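If you want the building blocks of each chain, they are given just below.
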Amino acid sequence: MRDVTTAQPLDVQPSPLALLLLGREADPKSERGVECPGDLPSPSDPDLVERARAAKEKLGDKVFVLGHHYQRDEVIQFADVTGDSFKLARDAAARPEAEYIVFCGVHFMAESADILTSDDQKVVLPDLAAGCSMADMATAEQVAECWDVLTEAGVAEQVVPVSYMNSSADIKAFTGRHGGTICTSSNAKTALEWAFEQGEKVLFLPDQHLGRNTAVRDMGMTLEDCVLYNPHKPGGGLTTEELRAAKMILWRGHCSVHGRFSVESVNDVRARIPGVNVLVHPECKHEVVAAADYVGSTEYIIKALEAAPAGSKWAIGTELNLVRRLAERFAAEDKEIVFLDRTVCFCSTMNRIDLPHLVWTLESLAEGNLINRIEVAPETEKYAKLALERMLALA
């Protein structure tokens, strides 16, 4: 049996920007000014793996390490569980004996874990600069202003907010206060169906593509039923008439990873690999989703490849760390798995959490020093948890 990963490499070339995002160069203007309060081990330290293993062993059951699917392999190897953001937050809540929850993901994920775990548990993010560009595209102030716009247009009472899991605790709390629910990419249709039973319109935050794809592809709406609210324009760039006519009011946000895939990427891979199956995440643009053969969440993508027949060919439109890991995993089954785009597409903020940050975190905790704790304010937690519980009730 041929070695698929050798015969068919992922065929991606890191651009100068990608090298920058992966930490090989620095751009001070792009940093948020968040500094770690301690000294990180050198990334070239040959003992990093052993140091991480020793610190984790010393902590024992006191620590529970969560690893998001998009994390680097060097970090994933120390995760007690892997999964998407919501699965990991629930896994953390199911481990009340763990004093420390080390979340190898991004900030909003650690917030969700803090909301769902007990007050005695402490959630730690190895690098405080590991944020999410999509979550950052909707601030509490912007969303409050949007609600004022909807109120002035006379439609707020008809609107039910539905917020994607990839949002800040503040946005989840806004959703809870206004009678809405949270959704994941797996249950977005169920969440929207529930929302339309409560009201006539949905304000979908913050990913426009997941909202549009779910409404049009899964629920039979038209593109004309959807309008795009731009928080950087007066009134969101929409007229009162447009707001009154719309069913879906989509926030102008997107994932910087999935948003880069194009129809050209799909056409190119079909030309290069005859018979390839194109499988993409619903955070991709609507035209990319329409051109793909299969669409689904991260967990859907993994399960689809698990069930795929030997010898099948797949081009995957999602984060590159995961695609590479899946290509290696299924190589022995003669499944050819390639990245949809020719250009490297790591999630830059996920990649901030590397082995030096994880070693520093585990060693600090083992020494009794609590660092980088993520805490959600009680009032915010109250309403964010309400929105999350509404989602859980839909399952």
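Up top you'll find the structure we're talking about.
Residues numbered from 1 in each chain as written. Predicted model: local features only at pLDDT ≥ 70, side-chain atom pairs only at ≥ 80, totals over all residues. Heavy atoms only, no water.

Caption draft 1: Highlighting the pairing of strand E1 (residues 63-68). The element E1 is largely enclosed, with a buried count of six among its six residues. Burial along E1 is two-sided: the residues Val63, Val65 and Gly67 and Phe64, Leu66 and His68 are all buried. Where E1 meets strand E3 (residues 100-104), five bridges bridge the pair, whose relative direction is parallel. Counted as the bridge partner of Phe64 is Ile101 from E3. Both E1 and strand E2 (residues 81-83) contribute to a ladder of three bridges, which runs parallel. Paired with His68 across the bridge in E2 is Gly83. (Buried < 20%, exposed > 50% of the residue type's maximum accessible area, 1.4 Å probe, protein only. Helix = DSSP H or I, 4+ residues; strand = E, 2+ residues; numbered from the N terminus. Pairing = 2+ DSSP bridges.)

Caption draft 2: The arrangement of the sheet that holds strand E14 (residues 373-374) in detail. Strand order in this open sheet of five strands is E2-E1-E3-E4-E14, and the pairing throughout is mixed. Each edge of the open sheet carries a strand with a single partner, namely E2 and E14. Two elements, strand E4 (residues 122-124) and E14, share two bridges in a ladder whose sense is antiparallel. By the bridge assignment for E14, Val123 is matched with Ile374.

Caption draft 3: Main features of unusual backbone geometry. Across the junction of Leu205 and Pro206, the peptide omega takes the value -20°, indicating a cis bond. You can see Pro206 is positioned in the loop between strand E7 (201-205) and helix H11 (208-218).

Caption draft 4: Here's a closer look at the packing of helix H3 (residues 48-59) against helix H17 (residues 355-366). Between H3 and H17, the least distance of the axes is 9 Å, while the angle of their chain directions is 30°. The orientation of H3 relative to H17 falls into the category roughly parallel. Crossing hand, H3 versus H17: left-handed. The segment H3 lies against H17, with Leu48, Val49, Arg51, Ala52, Ala55, Lys56, Lys58 and Leu59 engaging Leu355, Pro356, Val359, Leu362, Glu363, Leu365 and Ala366. The residue inventory of the contact of H3 with H17, partitioned by class, reads eleven nonpolar, no polar and four charged. (Axes fitted to C-alpha atoms, helices over the stretch in contact; angles between N-to-C directions. Parallel < 35°, antiparallel > 145°, perpendicular 65-115°, else oblique. Left-handed = near helix turned anticlockwise from the far one by under 90°. Contact = heavy atoms within 4.5 Å. Nonpolar A, V, L, I, M, F, W, Y, C, P; charged D, E, K, R; others polar.)

Caption draft 5: The arrangement of H17 in detail. Look at H17: 16 Å from first C-alpha to last across twelve residues, which is about the 16 Å you get at 1.5 Å a residue. The element H17 is largely enclosed, with a buried count of eleven among its twelve residues. Among the residues of H17, those classed as buried are Leu355, Pro356, His357, Leu358, Val359, Trp360, Thr361, Leu362, Ser364, Leu365 and Ala366. Buried residues in H17 make contact with H3, E1, helix H4 (73-76), E3 and E4. Following H17 by one or two positions, Gly368 adopts a phi angle in the positive range, close to 85°. (Expected span 1.5 Å × (residues − 1).)

Caption draft 6: Representation of the pattern of salt bridges in the model. Applying the stated criterion across every chain, the model contains 17 salt bridges. When the shortest N-O distance is used, the salt bridge between Glu50 and Arg53 registers 3.2 Å. In this pair, Glu50 and Arg53 are both assigned in helix H3, three residues apart and thus about one turn of the helix distant. A relative accessible area of 41% places Arg53 in the partly exposed class. Between Glu363 and Arg51 there is a salt bridge; the shortest N-O distance is 2.8 Å. Highlighted residues: Glu363 in helix H17 and Arg51 in helix H3, separated in sequence by 312 residues. Via salt bridges that share partners, Asp45, Arg51 and Glu363 belong to a single interconnected network. (Salt bridge = Lys/Arg side-chain N within 4 Å of Asp/Glu carboxyl O.)

Caption draft 7: Looking closely at the environment of Val65. Mapped onto the fold, Val65 is located in strand E1. We classify Val65 as buried; its relative accessible area is 0%.

Caption draft 8: Local environment of the packing of aromatic side chains. For the structure shown, the criterion picks out four aromatic pairs. Seen from their ring centres, Tyr229 and Trp251 are 5.3 Å apart, and the 25° between their planes marks the pair as stacked. Highlighted residues: Tyr229 in strand E8 (residues 226-229) and Trp251 in strand E9 (residues 248-251), separated in sequence by 22 residues. As far as the burial class goes, Tyr229 and Trp251 line up, both buried. (Phe/Tyr/Trp six-rings, centres within 6.5 Å; stacked < 30°, edge-to-face > 60°.)

Caption draft 9: Layout of the sheet that holds strand E11 (residues 294-295). Taken in spatial order, the four strands of this open sheet run E11-E10-E12-E13, and their pairing is parallel. The open sheet terminates on both sides in strands that have one partner only, identified here as E11 and strand E13 (336-339). Examined bridge by bridge, strand E12 (residues 313-317) and E13 share four bridges and lie parallel to one another. Its bridge partner being in E13, Ala315 is matched across the sheet by Val338.

Caption draft 10: Summary view of the packing of helix H10 (residues 188-198) against H11. Orientation of H10 relative to H11, taken along the N-to-C sense of each, is 80°, at an axis distance of 10 Å. As far as their axial angle goes, H11 and H10 are roughly perpendicular. Contacts between H10 and H11 involve Ala188, Lys189 and Leu192 from the first element and Leu210, Thr214, Ala215 and Asp218 from the second. Of the residues assigned to the contact of H10 with H11, the class counts are four nonpolar, one polar and two charged.

Caption draft 11: Main features of the side chain of Gln121. If you trace the backbone, Gln121 turns up in the loop between helix H6 (107-116) and E4. From its side chain, Gln121 meets the backbone oxygen of Arg95 in a polar contact 2.7 Å long. (Polar contact = N/O pair within 3.5 Å; in protein donor to acceptor, adjacent residues only side chain to side chain.)

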